[in-house]
Amino acid sequence: MAAVLETATFPRASGFPATSLAPIRSSSVCALSGGRKSVKLLEIRGLKIQSSYTRRSLGSSRLNSRLAHRGARIVCEAQEIAVEVSPITDSTWQSLVLESDFPVLIEFWAPWCGPCRMIHPVIDELAKQYIGKLKCYKVNTDECPSIATRYGIRSIPTVMIFKNGEKKDTVIGAVPKSTLTTSIEKFL
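- The chain goes by Thioredoxin like in an unreviewed UniProt entry, where it is assigned to Actinidia chinensis var. chinensis.

Right, here's the structure in full:
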């Protein structure tokens, strides 16, 4: 989807040689228009143009109407993909899980476990969906057997939800996202 940028401000990057910036292909060129000459923008991976419509009120006493203003902004796509489910170890368990101000979802897994590999993308999606509301971590039961033993993990994958340092819910097995979402919603 292409959008027309009405205004754009690009700071001069003197630290980058112009030869290192390659122009984008002509099929994905974005032009600045509105009676102005067209300008080809350079390709910057990880950025996209997001259209927005805003209402502006004019302060003139003659014109009391509101005019719709079409605009766009450049946003970083990396925000959508930067969420990572970090591993937990014995040394970080206390600070990241038990002392967390947010509810915490923990996935107990092992690299050799097929169902664990099946549920990883679901946990990643949940981490993105509940960003700012829920912390998501994973515990490799082969590397941290003491944590798994402490919480009675006998089967993996096991997903546990902690709130205020206490275990609140446990889901065992590679379950659908809806099952985990229902469990999470109870503690938000």
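**Brief notes about the state of the cysteines**
So, point 1. Under the counting rule described, the total for this entry stands at one disulfide.
So, point 2. Two residues share a disulfide in this structure: Cys113 and Cys116, whose sulfurs sit 2.5 Å from each other. Its torsion about the S-S bond being 80 degrees, the disulfide of Cys113 and Cys116 is classed as right-handed. You'll find Cys113 and Cys116 in the same group, each marked buried.

**Considering the sheet that holds strand β7 (residues 166-172)**
Consider a sheet: its strands pair through backbone hydrogen bonds, and that pairing is either parallel or antiparallel.
So, point 1. Read across the open sheet, the five strands follow the order β3-β5-β4-β6-β7; overall the sheet is mixed. Each end of this open sheet is capped by a strand with a single partner; those strands are β3 (86-87) and β7.
So, point 2. As defined by bridge partners, strand β6 (residues 158-163) adjoins β7 across six bridges and the pair is classed as antiparallel. Within the sheet, the bridge partner assigned to Met160 lies in β7 and is Thr170.
So, point 3. Those strands touched by helix α3 (residues 114-129) are β4 (104-109), β5 (135-140) and β6, and its axis lies near 165 degrees from that of β4.
So, point 4. Helix-sheet contacts for helix α5 (residues 177-185) involve β4, β6 and β7, and the interaxial angle to β7 is about 165 degrees.

**Digging into the pattern of salt bridges**
So, point 1. One pass over the structure, following the stated rule, counts three salt bridges.
So, point 2. Among the ionic pairs, Glu125 bridges to Lys177, the shortest N-O distance being 3.2 Å. With a gap of 52 residues between them, Glu125 in helix α3 and Lys177 in helix α5 connect regions that are remote in the sequence.
So, point 3. Accessibility expressed as a relative area gives 29% for Lys177, which makes it partly exposed.
So, point 4. Here Lys186 ties to Asp169 by a salt bridge, and the two come within 3.4 Å at their closest N and O atoms. Separated by 17 residues along the polypeptide, Lys186 in the segment after α5 and Asp169 in strand β7 bring together distant segments of the chain.
So, point 5. Since its relative accessible area comes to 17%, Asp169 is described here as buried.

**Quick word on the packing of aromatic side chains**
So, point 1. Under the criterion given, the structure shown has four aromatic pairs.
So, point 2. Relative to Phe108, the ring of Trp93 lies with its centre 6.5 Å away and its plane at 45 degrees, an arrangement referred to as tilted. Of this pair, Trp93 sits in helix α2 (residues 90-98) while Phe108 is found in strand β4, placing the two residues 15 residues apart along the sequence.
So, point 3. With a centroid separation of 5.4 Å and an interplanar angle of 85 degrees, the aromatic rings of Trp93 and Phe162 are classed as edge-to-face. In this pair, Trp93 sits in helix α2 while Phe162 sits in strand β6, placing the two residues 69 residues apart along the sequence. Considered together, Trp93 and Phe162 belong to a single accessibility category, that of buried residues.
So, point 4. The structure contains a cluster of three or more aromatic residues connected by ring pairs, namely Trp93, Phe108, Tyr151 and Phe162.

**So, the pairing of β4**
So, point 1. Among the six residues in β4, six count as buried, and that is most of the element.
So, point 2. Residues of β4 alternate between two faces, with Val104, Ile106 and Phe108 on one and Leu105, Glu107 and Trp109 on the opposite face, all of them buried.
So, point 3. Of the pairings in the sheet, the one linking β4 to β5 comprises six bridges and is parallel in character. Bridging from a neighbouring strand, Ile106 pairs with Tyr137 of β5.
So, point 4. In this structure, β4 lies alongside β6, joined through five bridges in antiparallel fashion. Counterpart to Phe108 in the pairing with β6 is Thr158.

Reading the values: the criteria
Residues numbered from 1 in each chain as written. Predicted model: local features only at pLDDT ≥ 70, side-chain atom pairs only at ≥ 80, totals over all residues. Heavy atoms only, no water. Disulfide = S-S within 2.5 Å. Buried < 20%, exposed > 50% of the residue type's maximum accessible area, 1.4 Å probe, protein only. Pairing = 2+ DSSP bridges. Helix = DSSP H or I, 4+ residues; strand = E, 2+ residues; numbered from the N terminus. Contact = heavy atoms within 4.5 Å. Axes fitted to C-alpha atoms, helices over the stretch in contact; angles between N-to-C directions. Salt bridge = Lys/Arg side-chain N within 4 Å of Asp/Glu carboxyl O. Phe/Tyr/Trp six-rings, centres within 6.5 Å; stacked < 30°, edge-to-face > 60°.

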